[in-house]
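Chain and residue survey
Here's the letter readout for the chains.
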Amino acid sequence: MLKALLARAHQKHRTVGFPDQPPVLPDRLRGRPEIDAAKCSDGCRVCAEVCPTDAITVDAKGLRLDLGRCLFCPECERACPEGAIRFTTEHRLATSSRDALVLGEKEFQLARTLDEKARKLFGRSLKLRQVSAGGCNGCEADVNVLNTVVFDLGRFGIQFVASPRHADGLLITGPVTRNMESALRQTYEAVPSPKLVIAVGACAISGGPYVGHSEQRNGAEGIVPVDLYIPGCPPHPITILDGLLRLLGRMDSACRISPIMR
Amino acid sequence: MKTGASNVIRNGEAVLLTGIPNLSFTDFREQLLQVCEDGGRIAALFGQPAGTDSIRLFGVLANDANGQLELWSTEVGGHYPALTPICAQAHWFEREIAEQWGVKPEGHPWLKPIRFHHSYREGHDAWNRPAGIPVQPGVADFFTMTGEEVHEVAVGPVHAGIIEPGHFRFQCHGEKVYHLEISLGYQHRGVERALIGGPDKRTIPCMETLAGDTTIGHTLAHCEAVEALAACRVPARAQALRAIALELERLANHSGDLGALAGDVGYLPTASFCGRIRGDFLNLTALICGNRFGRGLVRPGGILFDLDQTRHAQLEERLEQARKDVTNAVNLLWDAPSVRSRFENAGPVPRETALELGLVGLAARASGIDRDVRAQFPSGIYRFAQIPVSSYHTGSVFARAHVRWMEIQRSIAFIFDQLRALTDGPVRAGIGPLVANHAVVSLTEGWRGEICHVVLTDAAGKFAHYKVVDPSFHNWMGLAQAMRDQQISDFPLCNKSFNLSYCGHDL
């Protein structure tokens, strides 16, 4: 017992200050990419060609990057001869619609807070059932880590529960394999209404690196309705937490932030 | 029976496809059984279509004693006499061959699908399932037990925690488990099939997500395979940094697992501390490349991110802090009698069983087998810098926990050594096209165990076939065996002590 107490003193209090304080992130983190349209004048398409998931489109309307498909790998940034695409350490990535994940056309709009009625229901107590449907255990691990003392998800009233019957919604990872489709549908049906669906990671949003394989369904959309999209491969735990808190209206700052396209 | 020495290869050595002996099936079978009887084991056994009505079977045999691999092949039609009745290691491989190519291993004692998909060869199905009707996962015969008060417990595919899907069936009498049958395939996303015709821009992301918690391990096995096929020499600095990343991956997973094992026996101090310390190690990988799982780091020819001087110093400093923290947290486990009494004797896998099943990695080492790719089939920097093999003899949950702890200490010491000895120079070499009509076997020691990639190229130097064997492929049967005669309430503990990959198995 004494040893455990001494160990407790050695290990210290380690819960992050986020969201009251800014998160501490690795300086090489590939967060939200920034597109500098002025630098991409000749539309050489080299970025689109190296992109593993064809997340980049270059046409008459300019350069667009679909964060829902993006694996946040360094390929496009390294390939662009003009430096028109640059990964920033911006960790806020969650959106309320699939379209909002496409960078380059309009102002990037972060996830909206639930409407007042839903916020009354879920705002102070949100129970989620996690379903991995072909996920590689990357997203799963960085969702699971929110339960550790570092992120201490419980302090926000958010909890992962063992049964869909106890849940207010699903958090889905993976491209939804053909072999998990029925299990995902049944789990969704087992959650009492009203319910939320959160898609975490490139796979759950678009199929990720498996997009187009006949063994999977290119993400959760089309099988269940999605309320919150959190892109990444996998998203950093802070990105996931930011998305969840934004949905519940627990982030103090305004939802809109300045546009990336300048 | 040997038809020349060309069948003996080293890890990461490209050989001409025509140089691989193509034996009669009888000779192939005898050869495999003989090698396994002499202490060798099956690292991979798979089929590749050869002509319209035939499948070429390749067997990769590993001899831990002399660090040599043997590569044999044969051709089969619609069926062949199964190896499994004599050699249990072949069990899962033969089910995979039957499922993928519709080749029936006759006399196989438990021929069921492992991933639940249609055969890749039109008109050939080992179970004569009609082509138009979707294959339902988990729908198959299960081992059953009858008798008074006997009951069956079925769990999954959706589990209670945040984990990947799989289905488990327990045959119980009261609390006691007589048999556990594990049915997977829910994570099958068709990776191997999609790799054919590569390498292309999708290849690396597929490698990085074969088993997402083993990003470095699988990507390294892949890169070493293509580097062998392209005769590419990786700079020394890159080799060292790759090994550092591989050991950081081991550290994160091992410390996380020790925390989870503590949690499963209700010992919360270590559970809480290690849950955090796992993240501290992941953050060290992110310090190098920006991603906690090491995505974007390892590429053919080397690595994409170098350590500058400040980063180097920071890595050393933070690793030292993590070393102190993990030592403090894990030692609590060994000092707590309540933990030890739950770990000891739980889920034992005797050495003979582990050998018979061909277990790999820490599960094998915890059953007293000195089996470690880093020592016996070293590649990269491990050829020059050895890590002692950590093993323990009891095969129990305690042994698997203890081996993890020994490996944590040795991996940290290894990283410090490598950081001190890090040579200057480039971290990536250019890589040309792959040599045509060759084969290569690439092994790395991921944190779970041996990762085996076998790559065959076609006449254009593209992937004609790509076989991935995740350590979990060998080890799921080990978990099933560990549960025999155990209390069903100990399943989470036993399961976590293996912590096997679903997606790495399902591909």
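Analysis parameters
- Residues numbered from 1 in each chain as written.
- Chains lettered and ligands numbered in written order.
- Predicted model: local features only at pLDDT ≥ 70, side-chain atom pairs only at ≥ 80, totals over all residues.
- Contact = placed C-beta atoms within 7 Å.
- Helix = DSSP H or I, 4+ residues; strand = E, 2+ residues; numbered from the N terminus.
- Nonpolar A, V, L, I, M, F, W, Y, C, P; charged D, E, K, R; others polar.
- Buried ≥ 20, exposed ≤ 12 C-beta atoms within 10 Å, placed from the backbone.
- Core = buried A, V, L, I, M, F, W, Y, C linked by C-beta atoms within 7 Å.
- Domains from an automatic or database assignment.

For the rest of this paragraph, the subject is the interface of chain A and chain B. Listed as interface residues are 47 residues of chain A and, on the opposing side, 48 residues of chain B. Put simply, the parts of the chain that give the side of chain A that touches chain B at least two residues each are α1 (2-11), β6 (126-132), α5 (138-144) and α6 (178-190) of chain A. With six residues, the single largest contributor to the side of chain A that touches chain B is α1 of chain A. Among the residues forming the side of chain A that touches chain B, the class breakdown is 24 nonpolar, 16 polar and seven charged.

On to unusual backbone geometry, then. Residue and element names in this part refer to chain A. Residue F18 is joined to P19 through a cis peptide bond whose omega torsion reads 10°. Take P19: it is sitting in the loop between α1 and β1 (33-35). Cis rather than trans, the peptide bond between C233 and P234 has omega equal to -15°. Topologically, P234 is positioned in the loop between β10 (228-230) and α8 (237-247). Despite not being glycine, F72 shows a phi value in the positive range, around 55°. On the secondary structure map, F72 appears in the loop between β3 (62-66) and α3 (75-79). Non-glycine residue D152 carries a positive phi angle of around 45°. Residue placement: D152 occurs in the loop between α5 and β7 (158-160). When the 14 C-beta atoms within 10 Å are taken as the criterion, D152 is described as partly exposed.

Counting residues in each nonpolar core, the largest one holds 237 residues, and the members touching the most others are I172, A199 and V200 of chain A together with V60 of chain B. Leaving out residues up to four positions away in the same chain, I172 of chain A has contacts with V131, A133, V197, I198, A199, V200, A204 and A220 of chain A.

This part covers the domain arrangement of chain B. Interfaces are frequently sized by the accessible area removed from exposure as the parts join. Here the domain parsing of chain B yields domain 1 (5-106), domain 2 (150-183) and domain 3 (191-506). For domain 1 of chain B and domain 2 of chain B, the distance between their C-alpha centroids amounts to 32 Å.

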